[in-house]
Amino acid sequence: SSGINAEYGGYRLIVPLLVLDEVRGLCKSETKAEAASTALDTLESLITARSVTLLTSKGNVMESAEFREARMAGECNDDVILAGVRHLSDNTGTKVSEKDSVHYTRSVVFLTNDGNLRVKAHALQLAVMSISDFVKRANL
């Protein structure tokens, strides 16, 4: 929508559905409940306003938070989140092979402040950066 483009400098913000589920879970924590509730209220407001959409582990984009992510027992949350980002990225990027190198152009950038998640994303050849670096680079 044009509201998203105007508000976020032309970028489309997509949150993995599992992240929303994790924030809901943190609302029950004794030490993190207040911050998690604030984050959940903000996310739900942005979803309702259609300023943020949600991403499933299969790479499907949804505009409603009515559903939860179905997961297999023993799956690591990081891996489920990265699976969705990878599906979305694979469907929107381009790969160019030149001599001995491969160059990827991505229209999807995975934003996280989690260092381990960034390492995993790099290993999957996903474009990834910290949220603060993205805000600076995008002039938001």
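Residues numbered from 1 in each chain as written. Predicted model: local features only at pLDDT ≥ 70, side-chain atom pairs only at ≥ 80, totals over all residues. Heavy atoms only, no water.

(A) Quick peek at the pattern of salt bridges. What the rule picks out here adds up to three salt bridges. Taking the shortest distance from any N to any O, the salt bridge between arginine 24 and aspartate 21 comes out at 3.1 Å. Pair noted here: arginine 24 and aspartate 21 are both in helix 2 (residues 17–26), with a separation of three residues, about one helical turn. The closest approach of N and O atoms between aspartate 78 and lysine 120, which form a salt bridge, is 3.9 Å. (Salt bridge = Lys/Arg side-chain N within 4 Å of Asp/Glu carboxyl O. Helix = DSSP H or I, 4+ residues; strand = E, 2+ residues; numbered from the N terminus.)

(B) Representation of the environment of tyrosine 11 in the model. Relative to the assigned elements, tyrosine 11 resides in the loop between helix 1 (2–7) and strand 1 (13–16). Placed 97 residues apart in sequence, tyrosine 11 and valine 108 show a C-alpha to C-alpha distance of 9.7 Å.

(C) Up close: the confidence of the model for the chain. Of the residues in the chain, 83% have a pLDDT of 70 or more, and the chain-wide mean is 80. When mean pLDDT is compared element by element in the chain, helix 5 (residues 115–123) scores highest at 93, while helix 1 scores lowest at 41. Residue range residues 1–6 is modelled with pLDDT below 50. Its contacts to residues more than four positions away, or to other chains, number seven contacts. (pLDDT = per-residue confidence, 0-100. Contact = heavy atoms within 4.5 Å.)

(D) Focus on the environment of asparagine 77. The topology assignment puts asparagine 77 in helix 4 (residues 77–90). Owing to a relative accessible area of 24%, asparagine 77 belongs among the partly exposed residues under this scheme. Spatially, the C-alpha atoms of asparagine 77 and glutamate 22 are 8.9 Å apart, while their sequence positions differ by 55 residues. (Buried < 20%, exposed > 50% of the residue type's maximum accessible area, 1.4 Å probe, protein only.)

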